[in-house]
Amino acid sequence: MRNLLFLAVLIAHTSLLFSQESNMNNTEIAEFKAKINETSKATITIQSNFTQYKHLDFLSNDITTQGKMAFKAPNMVKWEYTEPFKYSIIFKDDKLLINDSGSKSNMDLGNSALFKKINQLIVNSVKGNLFQDSDFTMSYFKSPDFYKVIFVPKDEKIKSYIASFILFFDKEQADVMEVKMVEPTNDYTRIVFEDRQINKPLDNEVFSN
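Residues numbered from 1 in each chain as written. Predicted model: local features only at pLDDT ≥ 70, side-chain atom pairs only at ≥ 80, totals over all residues. Heavy atoms only, no water.

A side chain with one charge may pair with a side chain of the opposite charge, provided their charged atoms come close. On inspection of all chains with the given rule, the structure shows five salt bridges. A salt bridge links K148 to E21, with the shortest nitrogen-to-oxygen separation between them at 2.8 Å. Taken together, the residues span a long stretch of sequence, with K148 in strand β9 (residues 146-153) and E21 in the loop between α1 (2-19) and β1 (22-23) at a distance of 127 residues. The exposure class assigned to E21 is partly exposed, which follows from its relative accessible area of 29%. The salt bridge partner of E28 is K142, with a shortest N-O separation of 2.5 Å. Separated by 114 residues along the polypeptide, E28 in helix α2 (residues 26-41) and K142 in strand β8 (residues 136-142) bring together distant segments of the chain. Residue E28 is classed as partly exposed on the basis of its relative accessible area of 23%. A relative accessible area of 23% means that K142 is categorised as partly exposed. (Salt bridge = Lys/Arg side-chain N within 4 Å of Asp/Glu carboxyl O. Helix = DSSP H or I, 4+ residues; strand = E, 2+ residues; numbered from the N terminus. Buried < 20%, exposed > 50% of the residue type's maximum accessible area, 1.4 Å probe, protein only.)

Here it is, written out as structure tokens:
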């Protein structure tokens, strides 16, 4: 009986959480997009800690890594993984710079329209500004604590890599709280940002490999 009671309470609580998320109406969407675009235009640099959760269906637990993210306008992003391994990825001037524990390599993304587009998606998702991109179908949701926007690529080539982008925004600051990238296999990567610092001085040397 105790187990049944606990299960009933758990189901009720879960149902309440899901019921708190609802569709945004057209007026709310317009106001939300205007706020995000204003914030994005005013954002020159972003520095943040992050925790990444890689979900694979065949594993019982997500793969968890931690690190630091740096962004500088117009298009430089660095993902520096610090735990449990040292690894960094830099997107800069249509190039991908990789440092794997001292082993360095470069890739020119400008030669591939597809990877150039994916690079733009990554840069814009950090800023939270994908709303001008006509290459997506977008769905808007709200809850008491956050806004959520689901971006589904229209381009079949992009969709073969990324089935959808999901961005979670803080309701007060309009900052990106979390990015979720869902693969065609339904495996996904969640990146949760913490301790974000906006428009703090950031040297270009940070983006050197």
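Moving on: the environment of V179. The residue V179 is located in strand β11 (residues 176-182) in this model. On the basis of relative accessibility, which here comes to 3%, the residue V179 falls in the buried class. When residues no more than four places from it in sequence are discounted, the contact partners of V179 are S125, F165, I166, L167, T189, R190, I191 and F193. (Contact = heavy atoms within 4.5 Å.)

Attention shifts here to unusual backbone geometry. At the junction of A73 and P74, the peptide bond is cis and its omega measures out at 10° in the coordinates. Between E83 and P84 the backbone carries a cis peptide bond, its omega angle lying at 0°. Mapped onto the secondary structure, P84 falls in the loop between β4 (76-83) and β5 (87-92). One non-glycine residue, S101, lies in the positive phi region at around 50°.

A few words on the nonpolar core. Judged by nonpolar contacts, the single largest core of 38 residues is most densely connected at M69 and W79. Examining the composition of this core, we find that six residues originate from one element, helix α3 (residues 113-127), more than from any other. A70, M76, L97 and F207 belong to the second-largest nonpolar core, a separate cluster that totals six residues. (Core = buried A, V, L, I, M, F, W, Y, C linked by side-chain atoms within 4.5 Å.)

Pairing within the open sheet is antiparallel, and its twelve strands lie in the order β1-β8-β9-β10-β11-β12-β2-β3-β4-β5-β6-β7. Both edges of this open sheet fall to β1 and β7 (103-108), since each of them pairs with a single strand only. Bridge count between strand β2 (residues 45-55) and strand β12 (residues 188-198): nine bridges; the pairing is antiparallel. Within β12, the residue paired with K54 across the bridge is T189. Where α2 meets the sheet, it contacts β1, β8, β9 and β10 (164-170), and its direction lies at approximately 100° from that of β8. (Pairing = 2+ DSSP bridges. Axes fitted to C-alpha atoms, helices over the stretch in contact; angles between N-to-C directions.)

Turning our eyes to something else, we now look at the confidence of the model for the protein chain. Of all residues in the protein chain, 90% have pLDDT values of 70 or greater, and the mean over the chain is 85. Throughout residues 1-19 the model reports pLDDT below 50, and contacts reaching past four residues in sequence, or to other chains, amount to zero contacts. (pLDDT = per-residue confidence, 0-100.)

Attention now goes to α2. Spacing of three or four residues puts side chains on the same side of an α-helix, whose turn is 3.6 residues. Here α2 contains 16 residues, and its C-alpha end-to-end distance of 22 Å stays within 8% of the 22 Å for a straight helix at 1.5 Å per residue. Taken residue by residue, α2 has I29, F32, I36, N37 and S40 as its buried positions. Projected down its long axis, α2 carries its buried residues within an arc of 130°, all on one side. Turned more than 90 degrees away from the buried face of α2, the exposed residues are E31, E38 and K41. Of the surrounding secondary structure, the elements contacted by the buried residues of α2 are α3, β8, β9 and β10. Between a side-chain oxygen at the N-terminus of α2 and the backbone nitrogen of T27 the separation is 3.1 Å; the capping residue is N25. (Expected span 1.5 Å × (residues − 1). Arc of directions from axis to C-beta. Polar contact = N/O pair within 3.5 Å; in protein donor to acceptor, adjacent residues only side chain to side chain.)

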